[in-house]
Amino acid sequence: MKRYDIAIIGSGPAGLSAAINSKIRNKDIIVFGYKDFSSKLVKAPKINNYLGFHDISGIELKEKFEEHINAMNVELTYERVNNIYAMGDYFSIMVNETMYEAKAVIITTGIEYTKPLKGEEEFLGRGVGYCATCDAPLYRDKVVTVIGYNKEAEEEANYVSELASKLYYVPMYKDHYDLRENIEVVNEKPVDIVGDDRVQKLIMTSREIETQGVFVLKDSISPAQLVPGLLMEDGHIKVDRTMKTNIEGCFAAGDCIGKPYQYIKAAGEGLIAALSAVSYLDSKK
Ligand SMILES: Cc1cc2nc3c(=O)[nH]c(=O)nc-3n(C[C@H](O)[C@H](O)[C@H](O)COP(=O)(O)OP(=O)(O)OC[C@H]3O[C@@H](n4cnc5c(N)ncnc54)[C@H](O)[C@@H]3O)c2cc1C
């Protein structure tokens, strides 16, 4: 299997800055992310604090980023990473059924503003999951609920509905939903996930659903879930000034390492993380 020098997880300003700087240093990289790069980028109405781009919209800044990475032949892999395992001198990166390998990893997954639902953490692994496609076979002929925070969740819901006996989709955004006909859309706010040993019900504002599985599909999951063993501090990944985490060869940058949550800080840290990853790789030669 091909082993990349650096895998960058996330395509916001931190990830893209890490990508261009790794590329400048001639590293063989893989960057995981989304077509829009970052929902936080395209949602910003006006940005006045990104040096060199006064009074620019998030969409315009996204286009500038796109021109830049295209000019440098940085390609994105449009996949969501589910888990990263430190194997000693390399990392295994799990994406649904596919596995990638890299000698160093840079985590730039941003931060999730929404708090976990009541019961979400308690039932994680006992009916609650973050990757519907990975765990779908466990729910063959069972009732499953997908709480989707973005459009990508619709694709996962469609896949799971092929196996589940019944699928409820609870959208946390307003849009047109591209869902299979047998999926029931429930426009309610989820409040609590309950059960005894395993999940039994999802309680919503004015309705309850009997369900054996609940998938919570957000833009990003907690870094500690993503990388087992990663040290966190106050809800953020703990790093030193070189963006090094507690795991050798694993670096982090951007909102996921702490406040302030700003584009140019994220981009600056992405640069530092890339240079630190390059030094780490050179030290292994
Ligand atoms: C409405 C709004 C307006 C804002 N305005 C400003 C402003 O004017 N100025 C300013 O400086 N900042 C602003 N911000 C803050 C700014 O958006 C963030 O600080 C910045 O986007 C952080 O960059 P990042 O690269 O760390 O993370 P993000 O931009 O959040 O990017 C992380 C990316 O990684 C992806 N990802 C996460 N997990 C995975 C995974 N497992 N696999 C693959 N990909 C994954 C995410 O989906 C996302 O695309 C604003 C934010 C919002 C929401």
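These numbers were taken from a predicted model, which means no experiment stands behind them.

A word on the pattern of salt bridges. Counted by the stated rule, this structure contains 14 salt bridges. Among the ionic pairs, K62 bridges to E66, the shortest N-O distance being 3.4 Å. One end of the pair is K62 and the other is E66, both in helix α3 (residues 58–71) and four residues apart, which spans about a single turn. The exposure class assigned to E66 is partly exposed, which follows from its relative accessible area of 28%. For E184, the salt bridge goes to K166, with nearest N and O atoms at 2.9 Å. Here K166 lies in strand β9 (residues 166–171) and E184 lies in strand β10 (residues 183–185), a separation of 18 residues in the sequence. In this structure K166 comes out as partly exposed when scored by relative accessible area, which is 27%. One salt-bridge network, in which partners are shared between bridges, spans K27, D282 and K285.

On to the site of the ligand, then. In the vicinity of the ligand, 30 residues are found, and the nearest of them are Y34, F37, S38, D255 and Y263. Between P13 and the ligand, the recorded distance is 3.3 Å, taken from a backbone N or O atom to an oxygen atom. Between the ligand and Q262 there is a distance of 3.0 Å, counted from an oxygen atom to a backbone nitrogen or oxygen. Its free accessible area being 1,000 Å², the ligand has 88% of it covered by the protein chains. Secondary structure elements with two or more residues in the shell around the ligand: α1 (13–24) and α7 (263–283). Residues of the shell around the ligand, tallied by class, amount to 13 nonpolar, 11 polar and six charged.

Once that is clear, we can look at the sheet that holds strand β11 (residues 190–195). A sheet is described by the order of its strands in space; here three strands give the open sequence β11-β12-β13, paired in antiparallel fashion. Bordering the open sheet on either side are β11 and β13 (208–210), each of which pairs with just one other strand. On average, each strand axis in the sheet is inclined to that of its neighbour by 20°, with strand direction left out of account. Inspection of the sheet shows strand β12 (residues 199–204) paired to β13 by three bridges, in the antiparallel sense. Residue pairing in the sheet places I203 in a bridge with E208 of β13.

Scoring rules and cut-offs
- Residues numbered from 1 in each chain as written.
- Predicted model: local features only at pLDDT ≥ 70, side-chain atom pairs only at ≥ 80, totals over all residues.
- Heavy atoms only, no water.
- Salt bridge = Lys/Arg side-chain N within 4 Å of Asp/Glu carboxyl O.
- Helix = DSSP H or I, 4+ residues; strand = E, 2+ residues; numbered from the N terminus.
- Buried < 20%, exposed > 50% of the residue type's maximum accessible area, 1.4 Å probe, protein only.
- Near = heavy atom within 4 Å.
- Polar contact = N/O pair within 3.5 Å; in protein donor to acceptor, adjacent residues only side chain to side chain.
- Areas by Shrake-Rupley, 256 points an atom, 1.4 Å probe, with all protein chains shown as cover.
- Nonpolar A, V, L, I, M, F, W, Y, C, P; charged D, E, K, R; others polar.
- Pairing = 2+ DSSP bridges.
- Axes fitted to C-alpha atoms, helices over the stretch in contact; angles between N-to-C directions.

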